[in-house]
2 protein chains.
Amino acid sequence: MEKQKGITVKKEDNFSEWYSQVLDKAEITDLRYNVKGFVVIRPLGAMILENMYQLYEKEMQKKNHKPSFFPTVIPEKNFKKESSHVKGFYPEVFWLEKIKGEDRLALRPTSETAMYQMYSLWIRSWRDLPLKIYQRGQVFRYETKATRPLIRGREFYWIEGHDCFETKEEAEAQVQEDISITEKVMHQEFGIPFLPMKRPSWDTFAGAVYTIGSDVLMPDGKVIQQPSTHFLGQNFSKAFDVKFKTREDSEDYVWQTCYGPAPSRILASVISIHGDDKGLIIPFTISPIQVIIIPIYNTKNKTKIIKKSKEIKKELEKLNIKTEIDLSEKRPGEKYNYWELKGVPFRIEIGEKELNQNKVFLFTRATGKKEFTDINNIQKLGKEYDFNLLIKAEKSMKGKIINCKTKNDIKKVLKDKKIARVNFCSINKEGEKCAEKIEKEVGAEVRGILANKNEKPSGNCIICNKKATNIVYIAKSY
Amino acid sequence: MEKQKGITVKKEDNFSEWYSQVLDKAEITDLRYNVKGFVVIRPLGAMILENMYQLYEKEMQKKNHKPSFFPTVIPEKNFKKESSHVKGFYPEVFWLEKIKGEDRLALRPTSETAMYQMYSLWIRSWRDLPLKIYQRGQVFRYETKATRPLIRGREFYWIEGHDCFETKEEAEAQVQEDISITEKVMHQEFGIPFLPMKRPSWDTFAGAVYTIGSDVLMPDGKVIQQPSTHFLGQNFSKAFDVKFKTREDSEDYVWQTCYGPAPSRILASVISIHGDDKGLIIPFTISPIQVIIIPIYNTKNKTKIIKKSKEIKKELEKLNIKTEIDLSEKRPGEKYNYWELKGVPFRIEIGEKELNQNKVFLFTRATGKKEFTDINNIQKLGKEYDFNLLIKAEKSMKGKIINCKTKNDIKKVLKDKKIARVNFCSINKEGEKCAEKIEKEVGAEVRGILANKNEKPSGNCIICNKKATNIVYIAKSY
């Protein structure tokens, strides 16, 4: 490998190049697969992704979702059943070559139209409700925009939850529960803060009544939409005839929601937000290797030190800590750099001194802290590690939401890689023109209003000067 | 739900109907998805499948395989690089509608041609070897034969391992290690015995030097191929230019193997082999619910008994036992039948008597045994449960391999739902005619020779009467 091993740009100076180098040099992805928009996820990326899936699925199940697997292909006729959905997704669909005598098939871009026809068979009465199902799997979208690994691709790794309820109220409560799942997993466990944004009507998911997206501010000042949750009302249940017998013995269509976290995309935020100029910083809880042991030996004490390293590995594994020993022929310094690039939270160096004592020399990746510690502390230190990443990310985000009163204010805020908070006429249809003006004149989007807090504006719309009915957040976006 | 709830046929009388009813009534799959050959896997099926994936992946990782994710689509030109591979798979490929200016894409039927081009970029020297990678995911094959849920479908859930080595010997040792993974997971953990069969040359995987399939005898007397492992020699490495610098500083192509267990298909064997006339029997280790608690109460003691049930659930969960309580409005008898149909290993009934004692009344699904026991025993009983399923399956298989000396012997053995063991001229090219005769005259296949034992024939080929060089196994197959 002749290429330079470390990251050669600073994250702050050139985030885009930094991101590409980290993915490549830490061996998260490989972009050289010979189909546009499709990438290979290498072992380190795949193992982190798998850990993310497991935590996410655990939380989905805790909230009474059951896993299922629906086919990857969907007949064209299913798509056509819900008219706004078909309009929204049709241009993005990969189609299979038609087989004589069979329906034309799509690779699923999302699975409403695969799942809801089955729901109409499964749901008979209010006793069958709520029905809460999710699946993990890949979805496919024919992206024409420039693709970026993990951020925007033609295949991504996701989870989709699809829930049915007796009443509108229960369904809307589910939308809030979905936000709380994002909060629990993406924010609390992966350390990624977000703004839950109720999207403007013109930016609602195809077929939904309303959409709440989770906006994460990336280091380049652009926001990226992470898990979104949609209140579907009865749009799809009417299209797919998902009816039930009510408690009053009449008939009604179910009320639906859907929720779509993409672990591959969330991984992009984890890498971008926590990483530093040396490379990856992976939260302890999702790191495939939590402790790397580097034996420091000479020809005389090599055997003893390797033996000691293996003992410590065993002890750590008893404490449920994922541990590896680097036994390669590289020099210690090279090993340090390698595992720092790979984002392993802790490094233990085992040398002559460690042979006769119980404490170990521990290096902490995110802070550079070095200390002697008892290995029984490491689980606790791991929790602290993740908590500190979270606090750091929150602090960084907090200072970056800035109230603006003029278009020039907004421009300045965006230039500083921040989010603007402004009075706005309306996120309903009548505000679309003002949003278009913002897009044209400051090059940013009206992302929506806070979905978990009722923020009241006092003043007039920053564009049309009519009385504001909303406080909206404006940002550049991916 | 008007349909009859229990299984209405005996497994022995009509296996095919029994299998369909079990999948449907225990809610493993739903065949009503509106695309031929694609099924929906319902929560119970999905959770078992996920548990199977986890045990399988754990063992793959233990044997030093690393997970990765490769794209689901493969460009047509990749397929064409290895000539026997393209011949074998071309007719089974689902193609995507061509996008202007881009290559024609296939949905992967298997991933050699996706992965090996990347291997050629990753492997430079003997220091990069062995390279052992697997991925989990779905593959797609355009089946024209009749499909059967989990057994033969157009989409299936699998794992594929793809390994590269410096030498032929290491690669062939990997083939044996693959068999040992099948042995460890499918046989020891899922309780499914198999015959590792080195396939005749005419039945080798497209592009492989030789193939070893794992034949499992199903209750209808037909064998089904479970995980197969292939020695690829240098066929693909030459086609995809996967070269490395040897220890002697020369250049060579890597030696390759691949291995393909399909958890969805193994699930078909688990269901078929362990199940009985009441429905599913799921091994304890992969059962999403290991203990179902049925509270038996009257209006007077209801509160107390439900409270006690919840306490027991908590205690069981502390012991890492997956537990649910059935709080539905059904009568106890209905609940018993329901959970027996669903194959939950243990049932605990909590009534008035249990309020004041520490032991619980435990019913064992597979044996019907009823006993009072301490809940601390249940993990141990779970291990015994699986061991007994394994022993039962082994016993059943053992009596079903019968030495045959004539075609009439074979016919009789097959009629009795067994496997014939016969002297045979050769599993190389020159034996193909004799195999064709067997297929034509007794309606069964020469499955191959035992791959983990050198069985020496004494006598002549049962068909051509030439000196036998192999002992082969003959069976009807899926």
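Only a predicted model underlies this, so the values are computations on that prediction, with no experimental measurement involved. (Residues numbered from 1 in each chain as written. Chains lettered and ligands numbered in written order. Predicted model: local features only at pLDDT ≥ 70, side-chain atom pairs only at ≥ 80, totals over all residues.)

(A) Local environment of the relation of the copies chain A and chain B. You can overlay chain A on chain B at an RMSD of 0.0 Å; the transform is a turn of 180 degrees with a shift of 0.0 Å along its axis. Here the two chains are linked by the operation of a two-fold rotation axis. Nearest to the rotation axis, the C-alpha of Leu96(A) is located 2.1 Å from it, this being the minimum over chain A. Mapped onto chain B, 100% of the interface residues of chain A are again interface residues, and the two copies thus contact each other with one and the same surface. (Least-squares fit on C-alpha atoms with pLDDT ≥ 70 in both. Contact = placed C-beta atoms within 7 Å.)

(B) Quick look at the environment of Leu232(B). All names here are of chain B. Looking at the element boundaries, Leu232 is found in strand E10 (residues 222–233). Each C-alpha atom, one on Leu232 and one on Glu102, is 30 Å from the other, the two residues being 130 residues apart in sequence. Ignoring any residue separated from it by four or fewer positions in sequence, one finds Leu232 in contact with Gly207, Ala208, Val209, Gln256, Thr257 and Cys258. (Helix = DSSP H or I, 4+ residues; strand = E, 2+ residues; numbered from the N terminus.)

(C) Local environment of the interface of chain A and chain B. Facing 35 residues of chain A, the contacting portion of chain B comprises 36 residues. For the side of chain A that touches chain B, the elements supplying multiple residues, two or more each, are strand E2 (40–41), helix H2 (43–62), strand E3 (66–67), strand E4 (73–75), helix H5 (112–122) and strand E7 (155–165) of chain A. Looking at which element gives the most residues to the side of chain A that touches chain B, the answer is H2(A), with 4 residues.

(D) A look at the sheet that holds strand E14 (residues 291–295) of chain A. All names here are of chain A. Across the sheet, 5 strands lie side by side as E15-E14-E16-E17-E18; this open sheet has mixed pairing. A strand with exactly one partner marks an edge of an open sheet, and here the two such strands are strand E15 (323–325) and strand E18 (370–373). Direction aside, neighbouring strands of the sheet carry axes that sit 30 degrees apart on average. Relative to E18, strand E17 (residues 360–364) runs antiparallel, the two sharing 4 bridges. Within E18, the residue paired with Leu362 across the bridge is Glu371. Running over the sheet, helix H9 (residues 302–318) touches E14, E15, strand E16 (346–350) and E17 and is turned about 165 degrees from E14. Those strands touched by helix H10 (residues 332–341) are E14 and E16, and its axis lies near 170 degrees from that of E14. (Pairing = 2+ DSSP bridges. Axes fitted to C-alpha atoms, helices over the stretch in contact; angles between N-to-C directions.)

(E) Expanded view of the domain arrangement of chain A. By the assigned domains, chain A splits into domain 1 (15–274), domain 2 (289–383) and domain 3 (401–477). When each unit is reduced to the centre of its C-alpha atoms, the spacing between domain 1 of chain A and domain 2 of chain A is 40 Å. (Domains from an automatic or database assignment.)

(F) Broad picture of the pairing of strand E17 (residues 360–364) of chain B. Residues and elements named next belong to chain B. Bridge count between strand E16 (residues 346–350) and E17: 4 bridges; the pairing is antiparallel. The partner of Arg347 across the bridge, within E17, is Phe363. Here E17 folds back onto strand E18 (residues 370–373) in antiparallel fashion, the turn holding 5 residues, of which Gly368 has a positive phi close to 80 degrees.

(G) Up close: the pairing of strand E10 (residues 222–233) of chain A. Residue and element names in this part refer to chain A. The buried count for E10 comes to 10 of 12 residues, which makes it a mostly enclosed element. Of the pairings in the sheet, the one linking strand E9 (residues 210–217) to E10 comprises 8 bridges and is antiparallel in character. Within E10, the position partnered with Leu217 by the bridge is Val223. Between E9 and E10, which pair antiparallel and follow one another directly, the connecting turn spans 4 residues, one of which, Gly221, has a positive phi of 90 degrees. The pairing of E10 with strand E22 (residues 470–477) spans 2 bridges and is classified as parallel. From the neighbouring strand, Lys222 faces E22, where its bridge partner is Lys476. Where E10 meets strand E13 (residues 255–260), 5 bridges bridge the pair, whose relative direction is antiparallel. (Buried ≥ 20, exposed ≤ 12 C-beta atoms within 10 Å, placed from the backbone.)

(H) Summary view of H10(A). Residue and element names in this part refer to chain A. When H10 is considered as a whole, its buried residues turn out to be Tyr338, Trp339, Glu340 and Leu341. Elements that come into contact with the buried residues of H10 comprise helix H1 (15–25), E14 and E16. Just downstream of H10, Gly343 is the residue with a positive phi angle, here 80 degrees.

(I) How the structure looks around the confidence of the model for chain A. Counting all residues, the mean pLDDT for chain A is 95, and 99% of those residues have values of 70 or more. Overall fold confidence for the complex sits at a pTM of 0.96, while the interface term, ipTM, reaches 0.96. (pLDDT = per-residue confidence, 0-100.)

(J) Structural context of the packing of H2(A) against helix H8 (residues 263–274) of chain A. All names here are of chain A. Packing of H2 against H8 leaves a shortest axis separation of 10 Å and a crossing angle of 115 degrees. Taken together, the axes of H2 and H8 lie roughly perpendicular to each other. The hand of the H2/H8 crossing is right-handed. In this structure, H2 contributes Ile48, Leu49, Met52, Tyr53 and Tyr56 to the contact, and H8 contributes Pro263, Ser264, Ile266 and Leu267. Of the residues that constitute the contact of H2 with H8, the class distribution is 8 nonpolar, 1 polar and no charged. (Parallel < 35°, antiparallel > 145°, perpendicular 65-115°, else oblique. Left-handed = near helix turned anticlockwise from the far one by under 90°. Nonpolar A, V, L, I, M, F, W, Y, C, P; charged D, E, K, R; others polar.)

(K) Just the nonpolar core, in detail. Within the largest apolar cluster, 279 residues are counted, with the highest numbers of intra-cluster contacts made by Ile474(A) and Ile474(B). In this structure Ile474(B) touches Ile410(B), Ile419(B), Ala420(B), Val422(B), Ile438(B), Ala444(B), Glu445(B), Val446(B) and Arg447(B), once residues within four positions along its chain are discounted. (Core = buried A, V, L, I, M, F, W, Y, C linked by C-beta atoms within 7 Å.)

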